[in-house]
Amino acid sequence: MQKLKSLDDLKSLREKLLKDGVLAPNKKRIRVCCGTACRANNSLKLVDKLKKDIKESGVDAEIITTGCQGLCQLGPVMTIQPQGYFYHKVKPERSEDIISFTLKGERPVWDLLFRRSLGEKPAYFIKDVPFYRKQLRIALRNNGRIDPENIIHYIAVGGYRAIEKALTVMTPQQVLDEVKRANLRGRGGAGFPAGIKWEHTKNSSGTEKIVIANGDEGDPGAFMDRSIMEGDPHSLLEGMMLCAYAIGAHYGIIYVRHEYPLAVKHLSTAIKQAEEIGLLGENVLGTGFNFSIQIREGAGAFVCGEATALVSSIEGERGFPRPRPPRLSEKGGGPWGYPANLNNIETYACVPAIIEKGATWFLKTGTQNSPGTKVFALTGKVKNTGLVEVPMGITLREIIYDIGGGIIGDKKFKAVQTGGPSGGCIPEKYLDLPIDFDSLTKIGSIMGSGGMVVLDEDNCIVDVAKFFLSFCQSESCGKCYPCRVGTFQMLQILEKITSGNGEEGDIERLEELGNYIKSASLCGLGKSAPNPVLTTIKYFRDEYEEHIKNKYCRAFVCQGLGQLHLNTDICYQCKRCMDACPFEAIKESNEGFFYIDQVLCQRCKACFSVCPLGAIEIKEQPVLYIDKELCYFCRSCINVCRVDAIKETSTGFIIDSNICKKCGDCFNVCPMGAIKYEKIGKFLKVASAEIAYEGLKEKEQVPVDIPLDEIFHDVEKKICPVQKSLTFIEEFIEGPMCGRCYPCSFGTEEAKLRLLRITQKLEGAGENDIDALKTIASNMIEASFCKKGRDTGRFLSEILSSSEEEFRLHLSGICSNRECISSISYLINPDLCIRCGECLKKCKFEAIMAKASESRPSEYTYFEIKQKACARCGECVKYCPTGAIEIISKVKEEILAKT
Amino acid sequence: MEIEAVNENFQIGSIGSLLSGKQKKRGILIHLLQQIQEEYGYIPEEIVKKLSSKLSLSMSEIFSVASFYKMFRFTPRGKKLVKVCLGTACYVRGSKKVLNTLENEFQLKNGETSSDLSITLETVGCVGCCGLAPVTTVNDEVVGDITSTGKIEGLIKFIRKK
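Residues numbered from 1 in each chain as written. Chains lettered and ligands numbered in written order. Predicted model: local features only at pLDDT ≥ 70, side-chain atom pairs only at ≥ 80, totals over all residues. Heavy atoms only, no water.

## A closer look at the overall build of chain A
On a plain count of helices and strands, chain A comes out with 38 helices and 26 strands. Taken over the C-alpha trace, chain A has a radius of gyration of 40 Å; the compact-globule value for 899 residues is 29 Å, which it surpasses by more than 25%. With 899 residues in all, chain A has 54% of them scored as buried. Once local pairs closer than 6 in sequence are excluded, the contacts in chain A between residues at least 24 apart make up 69%. Only carbon and sulfur atoms are counted for the fraction: they give 51% of the accessible area of chain A, which is about 40,200 Å². (Helix = DSSP H or I, 4+ residues; strand = E, 2+ residues; numbered from the N terminus. Rg over C-alpha atoms; globule rule 2.2 N^0.38 Å. Buried < 20%, exposed > 50% of the residue type's maximum accessible area, 1.4 Å probe, protein only. Contact = heavy atoms within 4.5 Å. Areas by Shrake-Rupley, 256 points an atom, 1.4 Å probe, with all protein chains shown as cover.)

Here's what the structure looks like:
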């Protein structure tokens with residue numbers, strides 16, 4: 001290709017191209033989309049086949065492989081000139097039809113035209129397709145029209161006219177003023193005005209400046225920048241040239257993800273062609289303007305999309321962000337300390353259009369504060385996914401329902417996540433909000449780079465928030481701990497909630513952590529990482545609460561929540577669920593029906609997804625409770641419970657709802673019908689305090705200020721000083737302790753533990769326990785806030801000093817008063833026992849063994865106490881009429897005598 | 001790739017005129033690592049040694065950079081990547097047996113690559129196809145429901161054919 005030596009050369013080349021009919025509208029031409037998505041749908045094979053067939057048929061037609069045309073869902077797509085027919089889902093074997101019908105016969109191939117539904121008329125042309133009707137293309141103006149690997153095409157459609165205009169009639173300051181006046185806001189996310197950024201860089205002190213294009217587009221579900229780099233690389237180059245001309249830079253760097261091989265290829269080709277033709281390099285078009293561009297490939301780190309991390313990566317360091325200032329536009333801020341202007345790919349792609357047509361033209365579209373258009377990658381549960389460019393100020397409803405065609409399967413819309421993992425979820429009530437940078441920030445989300453993921457009623461909002469957060473967590477670079485530790489902790493809490501172990505207070509904890517991370521993180525990644533969680537809590541708090549309180553996920557996504565139930569009316573026993581269940585929880589009952597064994601079921605939902613009839617239903621978990629009025633303590637429920645969820649308290653039985661699997665066994669076995677169930681939501685409000693935790697409630701009702709005298713009085717009944725102090729401390733904790741000052745609140749808790757260790761002679765009990773008790777007592781005397789605490793300290797201290805010997809005896813397992821249960825045992829003295837059976841009746845723990853006499857059945861021959869079962873409650877001693885039950889110290893009498 | 005023959009002025013491109021020798025050497029590091037990985041499939045230690053003397057950077061610095069980016073690997077990987085899912089659902093349905101059979105068949109332990117670099121055997125937490133458990137992926141292609149001995153043999157044949 002001949003090198004252009006002056007601006008006139010470029011003009012004459014363009015005129016020549018027009019005269020030669022390059023891309024002239026009246027010629028037969030097929031534009032096949034060869035973007036990444038269409039390539040995955042075999043568009044390259046289609047192009048080969050078309051080329052071959054056209055050659056054979058002898059038709060004079062041209063084939064252009066373009067970049068992404070937008071409607072990725074229905075790829076491969078193509079447009080045919082001169083008629084302008086738009087075909088979708090074209091398979092390679094249809095190439096002959098296209099040639100014979102359209103190219104030769106000039107009529108459309110009917111079944112390749114786009115139809116909304118079978119009954120409707122097909123859309124012949126691209127402007128009739130609803131997906132394209134509301135779009136306005138500025139950044140994507142050439143995408144789908146030209147061959148990205150051919151600079152001639154770009155020049156023929158008016159490319160490089162802006163730089164030509166700038167170099168001929170505009171000074172650098174005029175270019176800058178024009179961009180500033182157009183109020184072009186950075187398309188990368190935050191929306192900082194590009195013109196002001198350029199001005200900062202221009203005015204910074206420094207000999208050399210660098211222009212950087214940020215193509216490290218890592219958000220899941222976003223591909224705007226990729227499409228521009230793949231489909232129209234020259235407009236990016238031209239935008240960078242204009243920026244360089246305005247701020248006086250000579251070097252440009254494009255930072256691209258390595259996951260975009262096609263973008264790298266097209267960009268390198270474009271740069272090479274521009275250099276060959278003389279539009280890049282030294283002395284561009286003979287004007288004395290020098291500018292060269294290089295490509296830097298990233299190496300797979302999301303955080304490198306952040307400006308300062310990107311600079312570190314360009315320099316060959318680990319991609320860590322650093323605190324600002326210095327900003328990139330200042331001296332010492334950019335790569336190797338040179339001031340640099342960093343913008344998003346889409347921002348640069350808009351610049352040529354602004355310079356060519358003027359700021360006034362640009363200001364006509366969009367809203368007042370956010371002029372122009374924005375490219376969105378529309379994905380998720382919409383009918384037409386793909387790339388859309390729309391004017392700012394359009395409503396979400398127009399994008400989702402008019403362009404996107406509505407929700408798949410006409411389900412209910414739930415939310416839309418904008419801005420990728422850093423953005424937020426927008427609920428239905430904001431669907432009619434005109435979107436621009438400011439309005440989205442106001443409702444807690446961000447524009448971001450333009451990812452738009454639509455969620456419907458089948459998406460669980462907590463699960464979605466978890467997904468985005470887990471992305472940020474795994475991509476956190478680990479430099480600052482609010483982000484590194486905070487996101488991990490938030491993820492753990494979300495994990496807990498979605499697996500059915502959520503607790504009250506988790507939502508508040510998430511909010512607190514999220515706000516800390518937002519305010520304390522170093523870079524944009526951390527500052528925005530909690531956004532998805534915070535906005536979903538803001539707009540969908542009820543769904544979080546449902547997960548935590550009711551253990552129910554209304555979208556049936558989260559595993560471990562809800563209760564799976566097999567509806568026997570629908571089930572026709574195909575046994576698919578039995579095969580699918582990894583836990584063998586689906587069983588056959590005696591009556592021949594299938595049922596789900598709730599104890600084995602882990603709620604993995606394998607059966608739910610495999611059932612062809614929908615016989616497996618997911619319901620809210622009920623809560624079982626015992627009606628105290630009906631229960632007569634037969635214990636049959638305790639015996640039948642496989643998970644030991646039924647606990648015995650002093651006032652009766654309760655079902656621990658955290659352990660209970662809701663299998664219903666106890667419900668079936670209870671002879672009195674005392675076991676009842678309710679829905680959790682109702683239960684939590686009404687029943688919890690009244691029924692399940694009656695014992696607890698009573699405890700709470702104990703008047704807080706019992707005088708210590710009463711406790712002293714209770715304690716006097718005990719003889720062993722260790723028991724005395726333990727009882728005192730226990731009663732003090734349960735009663736008068738307010739927990740206000742820590743010498744008292746922590747001290748008594750600690751003392752209780754130590755005393756328990758001593759009385760039970762547990763492992764590790766020793767001299768240090770006694771020393772610790774002394775310290776606690778003296779601390780309480782000195783530092784407690786009120787008299788109660790000081791008195792307790794004094795009591796403990798007195799008892800310790802008066803009978804320290806007794807405490808030490810306990811350490812060797814001896815309680816000389818025979819009160820502490822580990823050091824004593826009960827024995828039945830056979831000489832005194834008259835075998836009346838009184839003790840057998842009184843023992844609550846079934847610790848007394850007896851054999852009935854063979855000769856006289858009403859009497860017993862032999863009594864013994866099972867030491868393991870005996871709880872040393874003393875009941876039997878009280879009731880034994882002959883005093884045959886003796887308390888024996890485990891340590892021999894001799895040792896006792898010695899000490 | 002001949003590390004010794006690398007010309008940093010050529011690799012860094014025209015921007016090199018702004019930079020000192022040290023900055024140039026540092027600046028091409030990631031680029032060179034990418035080229036090495038493309039050629040060898042991973043980053044071998046001997047090459048890092050050579051790279052270290054060529055770029056006057058310590059090996060630890062090179063590893064520090066390379067380990068930050070997800071793209072770089074330090075162990076070779078076979079052409080066929082076989083991942084056996086050991087997630088809960090697969091484990092319960094006998095994926096351990098699948099793993100053992102594959103280990104014996106290819107004489108590899110979990111995480112190893114065969115000496116001719118044809119196959120790498122790995123395990124994975126959960127592929128997300130619990131309905132098809134037990135699952136194994138071969139170069140991202142999912143083979144599911146490997147419940148019987150016959151199906152394991154089918155899997156082995158499938159791996160060999162790939």
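That was the structure; now back to the text.
## Side note on the overall build of chain B
Summing up its helical and strand segments, chain B has eight helices and four strands in all. When the helices and strands of chain B are read in sequence order from the N terminus, they spell out α-α-α-α-α-β-α-α-β-β-β-α. A compact globule built from 162 residues should have a C-alpha radius of gyration of about 15 Å, whereas chain B, at 21 Å, is more than 25% larger. Along the longest, intermediate and shortest principal axes, the C-alpha atoms of chain B span 65 × 30 × 25 Å. Looking at chain B as a whole, 43% of its 162 residues qualify as buried. For chain B, the share of sequence-separated contacts (at least 6 apart) that also reach a separation of at least 24 residues comes to 56%. Accessible surface, chain B: about 8,300 Å² in total, of which carbon and sulfur atoms supply 50%. Taking the average place of the 22 positive charges on the side chains of chain B and the average place of its 17 negative ones, the gap between the two points comes to 3 Å. (Lys, Arg positive; Asp, Glu negative; His and termini not counted. Charge placed at Lys NZ, Arg CZ, Asp CG, Glu CD.)

## What to know about the pairing of strand β9 (residues 340-344) of chain A
Residue and element names in this part refer to chain A. Within β9, five of the five residues are buried, which leaves it mostly tucked inside the rest of the structure. In β9, alternate side chains face the same way, and those of A340, L342 and N344 on one face and N341 and N343 on the other are all buried. Here five bridges tie strand β5 (residues 210-215) to β9, and the two strands are oriented parallel to one another. Among the inter-strand pairings, I210 is bridged to a residue of β9, identified as A340. (Pairing = 2+ DSSP bridges.)

## Points about the interface of chain B and chain A
Accessible area lost on assembly of the parts is the figure often given for the size of an interface. Each side of the interface is counted separately: chain B has 25 residues, and chain A has 32 residues. The junction of chain B with chain A conceals about 2,400 Å² of combined surface from both sides, 57% of it contributed by carbon and sulfur atoms. Linking chain B with chain A are two salt bridges. For E475 of chain A, the salt bridge is made with K70 of chain B, and the minimal N-O distance between the two is 2.4 Å. For the pair chain B and chain A, the interface holds 17 residue pairs in polar contact (both at pLDDT 80 or more). If you list the elements that add at least two residues to the side of chain B that touches chain A, you get α2 (21-27), α3 (29-40), α5 (59-68) and α6 (88-92) of chain B. Per-element tally for the side of chain B that touches chain A: the top contributor is α5 of chain B, with four residues. (Buried area = accessible area lost by both parts, 1.4 Å probe. Salt bridge = Lys/Arg side-chain N within 4 Å of Asp/Glu carboxyl O. Polar contact = N/O pair within 3.5 Å; in protein donor to acceptor, adjacent residues only side chain to side chain.)

## Here we look at the side chain of T373 of chain A
Residue and element names in this part refer to chain A. Its place among the elements puts T373 in strand β10 (residues 373-380). Side-chain polar atoms of T373 contact the side chain of E389, separated by 2.5 Å. Excluding residues that lie within four positions of it along the chain, T373 makes contacts with L136, I138, A139, R187, E346, E389, V390, P391 and M392.

## Focus on the packing of helix α33 (residues 767-783) of chain A against helix α35 (residues 804-811) of chain A
Packed helices, taken two at a time, are described by their axes: the angle between them and the distance between them. Residues and elements named next belong to chain A. Running from N to C, α33 and α35 cross one another at 145 degrees; their axes reach a closest spacing of 9 Å. Of the two possible hands of crossing, α33 and α35 adopt the one that is right-handed. Two secondary-structure elements touch here, α33 through E767, I770, L773 and K774 and α35 through E804, F807, R808 and L811. Tallied by class, the residues present in the contact of α33 with α35 amount to four nonpolar, no polar and four charged. (Axes fitted to C-alpha atoms, helices over the stretch in contact; angles between N-to-C directions. Left-handed = near helix turned anticlockwise from the far one by under 90°. Nonpolar A, V, L, I, M, F, W, Y, C, P; charged D, E, K, R; others polar.)

## Structural notes on the pattern of salt bridges
Two side chains bearing opposite charge may form a pair once their charged atoms approach each other closely. Residue and element names in this part refer to chain A. Per the counting criterion, the structure on display carries 56 salt bridges over all chains. Of the charged contacts, one joins D20 and K16 as a salt bridge, the two residues approaching to 3.8 Å between their closest N and O atoms. Of this pair, D20 and K16 both sit in helix α1 (residues 7-20), four residues apart, which is roughly one turn of that helix. Using a relative accessible area of 53% as the deciding quantity, one classes D20 as exposed. Linked by salt bridges that have partners in common, K496, E503, D506 and R509 make up one network.

## Some words on the sheet that holds strand β11 (residues 386-391) of chain A
Across a sheet, strands are paired by hydrogen bonds formed along the backbone, either parallel or antiparallel in direction. Residues and elements named next belong to chain A. Taking strand neighbours across the sheet as the criterion, the five strands line up as β11-β10-β14-β12-β13 in an open arrangement whose pairing is mixed. A single partner strand is all that each edge strand has here, and the edge strands are β11 and β13 (424-427). Direction aside, neighbouring strands of the sheet carry axes that sit 30 degrees apart on average. Of the pairings in the sheet, the one linking β10 to β11 comprises six bridges and is antiparallel in character. Its bridge partner being in β11, L378 is matched across the sheet by G386. Contacting β10, β11, β12 (413-418), β13 and β14 (451-456), helix α16 (residues 396-403) crosses the sheet at an angle of about 115 degrees to β12.

## Overview of the sheet that holds strand β6 (residues 251-256) of chain A
Residue and element names in this part refer to chain A. Ordered by their spatial adjacency, five strands build an open sheet running β7-β8-β6-β5-β9, and the pairing between neighbours is mixed. Since the sheet does not close on itself, it has two edges, and those belong to β7 (281-284) and β9, each with one partner. The average undirected angle you get between the axes of adjacent strands in this sheet is 25 degrees.

## Remarks on the nonpolar core
Residue and element names in this part refer to chain A. Within the largest apolar cluster, 79 residues are counted, with the highest numbers of intra-cluster contacts made by Y160, W198 and I254. Filtering out sequence-adjacent residues up to four positions away, Y160 remains in contact with L10, R14, I151, Y154, I155, H234, L237, E238, M241, A274 and L279. Within the second largest apolar cluster, 63 residues are counted, among which are I407, L440, F468 and M490. (Core = buried A, V, L, I, M, F, W, Y, C linked by side-chain atoms within 4.5 Å.)

## Points about the confidence of the model for chain B
Residue and element names in this part refer to chain B. The pLDDT averaged across chain B works out to 84; a share of 93% of its residues lies at or above 70. Of all helices and strands in chain B, the one with the weakest mean pLDDT is α6 (67), whereas α5 scores best (93). Quick note on the complex model: pTM equals 0.73, ipTM equals 0.78. (pLDDT = per-residue confidence, 0-100.)

## As for the packing of aromatic side chains
According to the stated counting rule, one finds 24 aromatic pairs over all chains in the structure shown. Ring centres of F320 of chain A and F68 of chain B lie 5.4 Å apart, and the angle between their planes is 80 degrees; on these two criteria the pair is classed as edge-to-face. In this pair, F320 of chain A is assigned in the loop between α13 (307-315) and β9 and F68 of chain B in helix α5, connecting two distinct chains. Within the aromatic cluster, the residues linked to one another by ring pairs are Y85, Y87, W110, Y124 and F125 of chain A. Between R226 of chain A and the ring centre of Y260 of chain A, over which it is positioned, the NZ or CZ distance is 5.7 Å. (Phe/Tyr/Trp six-rings, centres within 6.5 Å; stacked < 30°, edge-to-face > 60°. Lys NZ or Arg CZ within 6 Å of the ring centre and 35° of its normal.)

## So, the environment of P82 of chain A
Residue and element names in this part refer to chain A. The topology assignment puts P82 in the loop between β3 (78-81) and β4 (85-87). Through-space distance from the C-alpha of P82 to that of I394 is 32 Å; in sequence the pair is 312 residues apart. Leaving out residues up to four positions away in the same chain, P82 has contacts with P25, N26, K27 and K28.

## Let's talk about the state of the cysteines
All names here are of chain A. Taken as a whole and assessed by the stated rule, the structure comprises zero disulfides over all chains. Cysteine C670 remains unbridged, with the sulfur of C634 as its closest cysteine sulfur at 5.9 Å. Among the residues examined, C670 registers a relative accessible area of 17% and is labelled buried. (Disulfide = S-S within 2.5 Å.)

## Things to note about the layout of surface pockets
Residues and elements named next belong to chain A. Of the pockets and cavities examined, the largest pocket occupies roughly 1,400 Å³. Forming the walls of the largest pocket are 49 residues, and the residues nearest its centre are G188, G189, A190, G305 and A307. In terms of residue count, the dominant contributor to the lining of the largest pocket is β9 (five residues). Here the residues of the lining of the largest pocket are counted per class, giving 14 nonpolar, 22 polar and 13 charged. (1 Å grid on protein atoms, 1.4 Å probe; cavity = no way out; pocket = protein on both sides within 12 Å on 5 of 7 lines; lining within 4 Å. Points joined across faces, edges and corners; volume = space filled by probe spheres on them.)

## Here we look at the pairing of β6 of chain A
Residue and element names in this part refer to chain A. A large share of β6 lies buried, amounting to six of its six residues. Relative to β6, β5 is paired through six bridges, and the arrangement is parallel. Looking across to β6, one finds that V211 is bridged to G252. Sheet topology places β6 next to strand β8 (residues 289-297); six bridges connect them, and they run parallel. The residue bridging G252 from the neighbouring strand is I293, located in β8.

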